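Residue-level structure breakdown
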Amino acid sequence: MSNLVSAKEMLNKARDGKYAVGQFNINNLEWTKAILLTAEELRSPVILGVSEGAGKYMCGYKTVVGMVNGMMEELKITVPVALHLDHGSFEGAKACINAGFSSIMFDGSHYPIEENIAKTTALVNACDVLGISLEAEVGSIGGEEDGVVGMGECADPNECKQIADLGVTMLAAGIGNIHGKYPANWAGLSFETLAAVKEKVGDMPLVLHGGTGIPEDMIKKAISLGVAKINVNTECQLSFAAATRTYIEAGKDQQGKGFDPRKLLAPGFEAIKATVKEKMELFGSVGKAD
Ligand code: 13P
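Every residue gets a number counted from 1 within its own chain, in the order that chain's sequence is written. Owing to the predicted nature of the model, reporting of local features is limited to residues with pLDDT of at least 70; listing and counting of side-chain atom pairs is limited to 80 or more, with chain, interface and lining totals taken over all residues.

**Some points on unusual backbone geometry**
Phi at Lys18 takes a positive value of approximately 60 degrees, unusual for a residue other than glycine. Where helices and strands are cited, they refer to DSSP runs of H or I of at least four residues and of E of at least two residues respectively, numbered from the N terminus. For Lys18, the location among the structural elements is in the loop between helix H1 (8–17) and strand S1 (21–25). A positive phi angle, near 75 degrees, is found at Cys59, a position not held by glycine. Structurally, Cys59 can be placed in the loop between helix H3 (52–57) and helix H4 (61–74). For Cys59, a count of 11 C-beta atoms within 10 Å translates into the label exposed. Exposed residues have 12 or fewer other C-beta atoms within 10 Å of their own C-beta, buried residues have 20 or more, and partly exposed residues fall in between, where C-beta atoms are placed from the backbone.

**So, the site of the ligand**
Near the ligand there are 15 residues, and of these His209, Thr212, Asn231, Asn233 and Thr234 occur at the shortest range. Of all elements in the fold, only strand S3 (81–88), strand S10 (227–232) and helix H10 (234–249) reach the threshold of two or more residues within the shell around the ligand. Along the lines of polarity and charge, the residues of the shell around the ligand split into one nonpolar, 12 polar and two charged. Whether a residue is near a molecule or strand depends on its C-beta atom, placed from the backbone, lying within 6 Å of it. Basically, the charged four are Asp, Glu, Lys and Arg, the nonpolar ten are Ala, Val, Leu, Ile, Met, Phe, Trp, Tyr, Cys and Pro, and anything else, Gly included, counts as polar.

**Some points on the packing of helix H7 (residues 157–164) against helix H8 (residues 191–201)**
A pair of packed helices is captured by two measures, namely the crossing angle of their axes and the spacing between those axes. Axis lines are fitted through C-alpha atoms, for helices just across the contact stretch, and the angle between N-to-C directions can take any value from 0 to 180 degrees. Across the interface, H7 lies against H8 with an axial gap of 8 Å and an inter-helix angle of 35 degrees. Crossing hand, H7 versus H8: right-handed. Contacts between H7 and H8 pair Pro157, Asn158, Cys160, Lys161 and Ala164 from the former with Ala196, Val197, Lys200 and Val201 from the latter. Class assignment of the residues belonging to the contact of H7 with H8 gives a composition of six nonpolar, one polar and two charged. Crossing handedness is read from the near helix: turned anticlockwise from the far helix by less than a right angle, it gives a left-handed crossing, and turned clockwise, a right-handed one. By the convention adopted here, residues are in contact when the distance between their C-beta atoms, placed from the backbone, does not exceed 7 Å.

**Section: the packing of helix H2 (residues 29–42) against helix H12 (residues 266–283)**
At a minimum axis distance of 9 Å, the contact between H2 and H12 shows a crossing angle of 45 degrees. In this view, H2 runs oblique relative to H12, as classed from their interaxial angle. Regarding H2 and H12, the two cross each other, and that crossing is right-handed. Along its contact with H2, which presents Glu30, Trp31, Ala34, Ile35, Leu37, Thr38 and Leu42, the element H12 presents Gly268, Phe269, Ile272, Lys273, Val276, Lys277 and Met280. Class assignment of the residues belonging to the contact of H2 with H12 gives a composition of nine nonpolar, two polar and three charged. Oblique is the label for any angle not under 35 degrees, not over 145, and not in the 65 to 115 range, which are roughly parallel, roughly antiparallel and roughly perpendicular in turn.

Here it is as structure tokens:
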């Protein structure tokens with residue numbers, strides 16, 4: 001049984017309500033449980049992101065689908081949850097559709113625009129039939145993710161329109177954002193590009209990648225200009241690592257049964273919950289599940 005939903009309805013509601021739904025990437029059981037429980041506690045819709053690398057790490061897409069479906073049932077999660085492939089290849093997209101994902105990102109931003117259009121078109125048709133939401137990308141997002149390095153381009157608004165017109169559900173457009181930590185000399189988001197893209201694509205919900213470390217005022221402005229989905233990955237990793245480090249450095253793993261993984265991983269789990277809560281509050285998605 002699957003209670004997963006497409007991201008379409010939650011993102012259209014977010015766009016109309018001027019807030020954004022967070023995509024939080026998962027890496028293992030603790031990550032998934034922390035994000036699902038936080039979403040449920042805050043009555044927020046949520047998107048669980050899975051990169052191809054994380055999918056491999058978690059023993060393949062079928063394992064991920066089984067874990068998420070099982071967890072939603074056992075934890076009685078009732079808020080809308082989409083399970084989404086993050087920066088998928090064409091082959092990865094097909095594999096996730098077959099495995100039971102409810103949302104797909106095909107990242108064709110590194111192909112010439114004609115090839116991006118051809119591959120995205122094929123997936124639009126497949127996803128349509130199955131009721132799966134589809135995210136496309138124009139203008140590669142900077143930084144490094146799973147060995148794919150982009151330079152933080154600003155997308156061409158005309159190319160954005162070409163891809164949006166294919167019938168995708170949501171569009172990621174590069175606006176100077178990058179994955180991972182932002183360097184001290186980062187120029188900030190290009191709101192000029194964002195406004196030009198929005199002008200061309202009309203109602204299409206826009207996706208902001210690289211949500212880690214973007215200042216609050218820029219997040220709010222991006223939402224006001226049509227961003228309805230914001231991806232966060234590194235920030236959960238940083239808070240998990242910091243909390244785990246504090247636990248170990250305090251020698252707690254050497255006290256009593258402190259080495260028990262259920263104890264050892266608990267501070268990191270709570271840290272992910274706190275980060276996700278902070279982001280959901282900032283994005284304005286709290287209470288929007290109902
Ligand atoms: P960060 O790791 O910078 O938060 O970016 C996440 C992301 O955009 C996933 O697609």
